[in-house]
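A structural walkthrough
If you want the building blocks of each chain, they are given just below.
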Amino acid sequence: MTNQSLYNGLQDPQFQHPYVDIDEWRDEPVRHRYIHGGFEGNDTRFSFYFPPTESYEKRFFQPVYPVQGSENAAQSHIDGVDNKIGFAISRGAYLVETNMGGASDDFSLVYRASAAVALYSRVKAAELFGTHRPYGYIYGGSGGGFKTMSFIENTTGVWDGAVPFVIGTPMAIPNVFTVRVHAMRILGDKFPAIIDALEPGGSGDMYAGLNEEERQALEEVTRMGFPPKAWFAYKEIGDGALTVLSPAVMKMDPSYFEDFWTVPGYLGYDPESSASRARLQHKTVVSEVIRPRQTEVTDSDAAVKMGVDDAWKMLTEGQESIPSFKLADVPAGDVYLDGAYIRITSGEAAGLKIPLGGINGNIVTVGAAFGFFTSVQTLELVKPGDEIVLDNSDYIALQTYHRHQVPTSDYSVWDQYRDDNGETLFPQRPFHVGPAVAFGGAGSVQSGRFEGKMIVVQTLMDESAFPWQADWYRTKVTESLGEKLDDHFRLWFVDHALHADTSSNHVLDGLHIVTYIPALHQALLDLSAWVERGVTPPASTNYHVEEGQVIVPSTAAERRGIQPVISLKANDGERAEVSVGETVNFKAEIEVPPNTGKVVYAEWDFEGEATFPIHAQISRVNEEESQAVVEAAYAFNKPGTYFPVLRAASDREGNSGDLYTQVLNLARVRVVVK
């Protein structure tokens with residue numbers, strides 16, 4: 001697989017003169033030697049976190065974040081399972097972080113700078129621990145997943161393996177967000193009924209009670225890959241990064257936003273469409289510019305926002321310095337303000353387009369979006385008396401952009417936009433935005449060709465990186481490796497997990513999802529054992545893709561991967577109806593995929609508080625301790641509908657005290673108390 005065109009970083013003139021400006025021992029979050037520095041003549045910076053000599057095992061882990069900008073992000077997550085420094089040190093590894101060169105027009109810099117940092121970390125490791133070559137592993141999610149794949153596909157001799165997680169495809173941006181937001185606008189107040197239908201003991205028919213347009217919107221987003229069970233969090237997930245990313249589309253395809261309203265074949269051309277009915281173009285005048293109190297934003301403030309679900313927020317600037325505007329009048333009634341813009345039509349600022357944050361009385365605030373104004377100072381041009389338009393036209397147009405971005409046939413979720421002859425149903429734009437965004441963020445478009453070994457971790461309820469996208473990448477790797485696929489690649493799906501790579505204390509989250517971080521950690525450990533000692537990792541998850549949805553078997557033995565599977569019953573069913581004070585009998589069967597670990601704990605939450613106060617008594621049913629039964633009896637003293645939850649974990653070594661590698665899952669049932 002060696003290719004002479006791959007980058008090895010050894011002779012790159014930009015990275016020949018490293019320097020160290022901090023070298024000290026630290027005790028938090030665990031004892032480690034911290035080294036910080038950079039390279040002369042450019043903005044690349046790095047942080048190394050080395051373990052004590054007695055625990056060092058000649059490897060490093062290198063997290064790759066969605067956006068460039070911080071070599072100190074791990075220092076903001078030093079508690080619990082999210083502790084990258086603690087996990088690395090506990091496994092005899094040192095942690096490598098880099099800002100990936102910072103912002104640059106050179107798209108290859110992200111992987112060249114990251115490779116240079118990895119290579120220099122080996123120099124420092126040899127100085128500290130004696131001559132050797134540490135094994136190196138990169139891992140990253142979402143935008144960091146794009147980068148992780150790009151880095152290992154474009155380099156040689158730098159990293160020995162990779163764990164991309166919650167990954168997209170080159171066609172992901174902006175399409176995974178546009179189709180979701182379109183459905184959210186159309187479905188509106190129908191989500192509670194949709195969610196109830198999908199809950200245990202529900203009807204199972206999420207389309208019940210929907211009109212034709214609503215049904216079509218829900219079917220469209222489902223066939224595009226949005227996992228329906230993730231709708232439980234519809235209020236929380238919102239439009240994701242769409243408002244922040246939309247300027248990229250507007251710059252690359254500006255004529256689309258006119259064509260949408262004026263050209264046949266686009267939804268906005270129909271004056272009776274819901275898009276036309278929701279359109280807002282409210283003309284008014286700025287009566288006062290309200291200046292905020294100035295506060296300083298430091299580099300460290302920005303550096304902490306590097307998770308896969310919030311790193312894009314770094315793309316906004318100086319919110320504390322942005323003014324708001326008092327208007328002569330505001331729209332009346334129930335208007336659709338999501339994604340609206342403030343268009344300045346007169347005065348010095350005429351032509352300026354500002355994202356609308358919200359309306360409070362007759363005061364409008366500025367929202368978050370990258371690329372609408374070059375600096376906060378540009379907003380100084382807005383003056384009282386300036387005419388403006390509150391306009392949501394572009395945002396509504398963007399919501400069906402995916403219909404006009406039909407790619408090649410390997411993206412089967414777009415088949416819904418083709419007729420029986422393979423012809424597209426809607427007008428197509430002259431180019432695809434997604435691959436351009438992917439290339440700009442990662443330095444290349446993923447090909448599936450790489451050296452070393454890889455384990456992909458993908459979640460089955462991912463609302464932003466739809467699960468099928470990992471299967472798309474697997475097909476690309478298969479095209480490259482053929483019969484050698486299993487010698488180099490694994491794909492593990494994790495159920496009951498969303499996109500974010502940080503654990504959550506939110507009650508709604510606790511009752512529906514688990515963190516996938518322990519599965520990610522186990523993937524890194526299995527990857528290192530695979531590379532260093534030839535230990536074959538657990539098999540890929542068994543699945544198939546049907547109409548955009550990833551379907552997995554109901555038992556752990558059939559499903560494979562590494563996550564335990566729970567089957568939970570209340571009074572022998574998914575739904576129980578009882579009277580106040582009547583005992584409900586719960587029984588769960590917990591099964592871990594073969595040779596992937598032992599059941600180590602289980603805990604109950606009956607009242608919907610997400611505190612899981614009751615530790616379950618586990619009855620193990622086989623010698624391997626990979627199968628267990630949990631039973632409980634509980635009586636509810638108030639009427640209502642309850643969703644009791646059992647959360648359980650497995651650990652490869654059966655260690656109930658190792659939070660880093662306890663792979664979680666949960667199960668829910670419905671109890672109606674009358």
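This text goes with the structure placed above it.
Residues numbered from 1 in each chain as written. Predicted model: local features only at pLDDT ≥ 70, side-chain atom pairs only at ≥ 80, totals over all residues. Heavy atoms only, no water.

Look at helix α3 (residues 143-154) against helix α13 (residues 433-442): their axes get within 9 Å of each other, and the N-to-C directions meet at 70°. Accordingly, the angle class assigned to the pair α3 and α13 is roughly perpendicular. Our pair here, α3 against α13, has a crossing hand that is right-handed. Counting all contacts with α3, which are made through Phe 146, Lys 147, Ser 150 and Phe 151, the residues of α13 involved are Ala 438, Gly 441 and Ala 442. The residue makeup of the contact of α3 with α13, split by class, is four nonpolar, two polar and one charged. (Axes fitted to C-alpha atoms, helices over the stretch in contact; angles between N-to-C directions. Helix = DSSP H or I, 4+ residues; strand = E, 2+ residues; numbered from the N terminus. Parallel < 35°, antiparallel > 145°, perpendicular 65-115°, else oblique. Left-handed = near helix turned anticlockwise from the far one by under 90°. Contact = heavy atoms within 4.5 Å. Nonpolar A, V, L, I, M, F, W, Y, C, P; charged D, E, K, R; others polar.)

Let us now look at the environment of Asn 211. Along the polypeptide, Asn 211 turns up in the loop between α5 (191-198) and α6 (212-223). With relative accessibility at 40%, the residue Asn 211 sits in the partly exposed group. Sequence separation of Asn 211 and Val 110 is 101 residues, and the distance between their C-alpha atoms is 48 Å. A polar contact of 2.8 Å, which involves the side chain of Asn 211, links it to the backbone nitrogen of Glu 214. (Buried < 20%, exposed > 50% of the residue type's maximum accessible area, 1.4 Å probe, protein only. Polar contact = N/O pair within 3.5 Å; in protein donor to acceptor, adjacent residues only side chain to side chain.)

With antiparallel pairing, four strands are arranged side by side in an open sheet as β22-β21-β26-β27. Two strands bound the open sheet, and with one partner strand each, they are β22 (614-615) and β27 (663-668). Where strand β26 (residues 645-651) lies against β27, six bridges are found, and the strand directions are antiparallel. What sits directly across from Ser 650, in β27, is Val 663. (Pairing = 2+ DSSP bridges.)

Residues Glu 28 and Pro 29 are joined by a peptide bond in cis, for which omega reads 0°. Counting through the fold element by element, Pro 29 comes out in the loop between β1 (18-26) and β2 (32-39). At the junction of Ile 173 and Pro 174, the peptide bond is cis and its omega measures out at 0° in the coordinates. Following the sequence through the fold, Pro 174 ends up in the loop between β7 (161-165) and α4 (175-187). In the Ramachandran plot, Lys 58 falls in the positive-phi region, its phi being about 65° despite a non-glycine side chain.

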